[in-house]
Amino acid sequence: GFVTFRKGKTPRRPGPKKGSNVEKDPVGVYCRIRPLGTEDQECCVEMISNSTIQLHAPDGLKANRNGEFKEMQYSFKKVFGINTTQMELFEDIGRPLVEDLIHSKNGLLFTYGVTGSGKTYTMTGSPGEGGLLPRSLDLLFNSIGPFQAKRFVFKPDDKNGMEIQSQVDALLERQKRDSQQSVPRTPSSRLKADPEFADMISPEEACKCDNVDDDCCYSVFVSYIEIYNNYIYDLLEDAPFDPIRPKPPQSKLLREDQNHNMYVAGCMEVEVKSTEEAFEVFWKGQKKRRIANTQLNRESSRSHSVFTVKLAQAPLDADGDHILQDKNQVTVSQLCLVDLAGSERTSRTRAEGSRLREAGNINQSLMTLRTCIEVLRENQMYGTNKMVPYRDSKVTHLFKNYFDGEGKVRMIVCVNPKADDYEESSLVMRFAEMAQEVEVARPVDRPICALAAGRRHRNQAFRDELSRRLEERGNSNNAEDPGLLNQLIESLPPIPRCELVDPADDQTLPNLIEVLERRHHIRQMITEQFNQTGTCVKSQVDLNQQSKISEKDKVILNQRSEIDRLEKKSKTLEYKIDILQKTTDMYEQDKRSLQLELETREQRLQKELSERRRMEQRMQGMVTDTKLKWEKECERRVNAKQLEMQNKLWVKDEKLKQLKAIVTESNSSCSAERPQRPSRERDRDRNMGQKRSGDVFKTRGGGQAVQFTDIETLKQENPTAPRYSILRNEESFLSSDQSPFSMSFVNPGPRVWRTSGEEQNPH
């Protein structure tokens, strides 16, 4: 097996702590709608206002989904319709970013949307319709053109910083560059530029910024990279071409500088001095960018491209003539123009092989971007501290400092209104609307230079005044006038003939020496006069300059006094602000404590109320259960009492019947001994077939029964006798042992009295 050694990561240095009162601005999200390809295509996007669009589900999709799709509206900072020109788009979005770049503020602008929605056209444009990138470069160079430093005065230090070279070192660098024929020089005229970019911007559309600091020198550096399959490649790198064994381009790594900003290590940064030169550098990298033909777009971008414009600036010295040789005074700002590859579904593009892998990486990087935006939004809205997964993709890792640091972030959502892109467009709209809720720290203004303003202007005015005065005195152009020079030469003594014919001639050389001495004396006089004139001019200039300097010193003193006054006022206001802040904090603390106490009491009250309701429900349940229990118990007792009374009455009836039967038997035995006259009523009853009270009749079992008219209750208690047993379904009665009879009955239906001597009735 193989043993893999993992290199330990360098521990991250803690970043600068930002105050809690940092002002933030939301991410500016704009929407641009491209025109339909043909008029007969179905449109699913409608522009309702200059900040709202509405998505309609296409008819076919409604039929397939049973018409359950509804119209959705999405709001943006501004919506650009199909008739919006490139110039109008640039004035609203690109121009503020370029102005911030000149004022040392960072910016990020990227286009986002589905494949074929017009992202590359919006960023780059076409001949005659330049996009955001060429117009930004044109505005930048039109604004800082007169104030640019010479080439190689600013030099990148390969650590995302910038160094300042002296004039001599910069001159040597320029001579070295000119001597190297292998390095092609970029053209400085529009005629030599690439024909596709030559006419992108018409002269009528050229514009410039007015509020440019003319006391600084500027230099522009551009770089161009692409992120392909989550690898970073430098599009401006001049790799040696080997036709026999071509080497693939080498990917670059991301690094973090001392200010915790991410940059591409080893990326080539080209210094450019004009719009045309920057165009040519951009086109050089654009030719290397990966594009492919898919089912949705003939020239589909297969990678994310990042064109970075870096502006380095440093103040001039006190004389306004040279740049301050201080690296701490150099300010570097950058504007990143990002053209994201379009999200796409492989089922629609029918991608296979490498195209399929490209689409997967594109969708994965865009998904990571959406995830980072969602986590940032959740952290800012709900106060959570979840880790943002910047490192999951090179795109998000590269622009991490824009979301965590400072700078403006602008996003242009490009939409194709055709019905086929409805589902992808709806996903893009939801992400764009969510991205507007993310806030980014507002860039702060750079510190004001301690040197007096207007140094360049004063230096130029001094030079103009000096040249004018020299022209007035004739010391500048007269020396270059051939007529005056000949007149001056003619005023000198003529040189005699210097031919020596006789060796004994002793006059020619002394005469020549005398003339030359006279000419030398005249030259000395002219030189002294020239020096006196120069000294006089210098004294006058120094006097004027001294008077101006004294006036400026007075102005500076007044300004310093004003600054001191304002500083004192500022300190006083800061002290008041501190007091107010402390008072506010105290009130806030009291408010929080009172709110906490109120919440505690509310919770306690709610708890007591809930406990009271629970007790009421419990008591109601107990009352209901007790009521039902006692109702059942009362009903049971009543039924038992009724049954008991019925049984008692029945027992008494049975006893009376037995007693009657006994009496009847005794009477019959007596009547057998002494006959009696039958009663008329008995005869009448017998004739009627009825039985009267007191009659004795035979039972089925062969016994006899007596029927009484009146009933008299008889009680007989025996402590040793067993109690009566009463049953609901089967009843029985047991008499005491002393009773002369034993009685039994089956149920309270037909009651039959039987004597002990009778046989049992089967019924």
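One can find the structure itself at the top, above this paragraph.
The structure displayed is predicted, hence computed values, not measured ones.

**Concerning the overall build of the protein**
Summing up its helical and strand segments, the protein has 16 helices and 24 strands in all. Going through the 763 residues of the protein one by one, you find that 35% of them count as buried. Across the protein, every contact between residues at least 6 apart in sequence was considered, and the portion connecting residues at least 24 apart equals 72%. Accessible area of the protein: about 50,100 Å², with a carbon and sulfur share of 51%.

**Thoughts on the sheet that holds strand 3 (residues 45-49)**
Spatially, three strands are ordered 3-4-5 in an open sheet, and the strand pairing comes out antiparallel. The open sheet has two edge strands, strand 3 and strand 5 (72-75), and neither has a second partner. Across the sheet, the axes of successive neighbouring strands diverge by a mean angle of 30°, strand direction being ignored. Alignment of strand 4 (residues 52-55) against strand 5, held across four bridges, turns out to be antiparallel. Directly across from Ile53, in strand 5, lies its bridge partner Tyr74.

**Thoughts on the nonpolar core**
With 55 residues, the main nonpolar core has Ile53, Phe76, Phe399, Met411 and Met429 as its most contacted residues. Residues within four places of Ile53 in sequence aside, it is in contact with Cys31, Ile33, Val45, Glu46, Met47, Ile48, Met72, Gln73, Tyr74, Phe76, Val79 and Met429. Residues Phe147, Cys207, Val220 and Val272 belong to the second largest nonpolar core, which totals 44 residues.

**Considerations on the pairing of strand 4**
Burial along strand 4 is two-sided: the residues Thr52 and Gln54 and Ile53 and Leu55 are all buried. The pairing of strand 3 with strand 4 spans four bridges and is classified as antiparallel. Across the sheet, Ser49 pairs through a bridge with Thr52, a residue of strand 4. The hairpin formed by strand 3 and strand 4 contains two residues between the paired strands.

**Regarding the pattern of salt bridges**
Counting across every chain of the model gives 27 salt bridges. In this structure, Arg289 and Asp339 form a salt bridge, with 3.1 Å as the shortest nitrogen-oxygen distance. In this pair, Arg289 is assigned in the loop between helix 7 (275-286) and strand 17 (291-292) and Asp339 in strand 20 (residues 331-339), connecting sequence segments 50 residues apart. Across this residue pair, the class does not change: Arg289 and Asp339 are buried. Among the salt bridges present, the one from Glu597 reaches Arg601, with a minimum N-O distance of 2.9 Å. Linking Glu597 with Arg601, this pair stays in helix 15 (residues 508-673), spanning four residues, or about one helical turn. Looking at Arg601, the relative accessible area reads 52%, which means it is exposed.

Cut-off values and rules
Residues numbered from 1 in each chain as written. Predicted model: local features only at pLDDT ≥ 70, side-chain atom pairs only at ≥ 80, totals over all residues. Heavy atoms only, no water. Helix = DSSP H or I, 4+ residues; strand = E, 2+ residues; numbered from the N terminus. Buried < 20%, exposed > 50% of the residue type's maximum accessible area, 1.4 Å probe, protein only. Contact = heavy atoms within 4.5 Å. Areas by Shrake-Rupley, 256 points an atom, 1.4 Å probe, with all protein chains shown as cover. Pairing = 2+ DSSP bridges. Axes fitted to C-alpha atoms, helices over the stretch in contact; angles between N-to-C directions. Core = buried A, V, L, I, M, F, W, Y, C linked by side-chain atoms within 4.5 Å. Salt bridge = Lys/Arg side-chain N within 4 Å of Asp/Glu carboxyl O.

The analysis is restricted to geometry; functional conclusions fall outside its scope.
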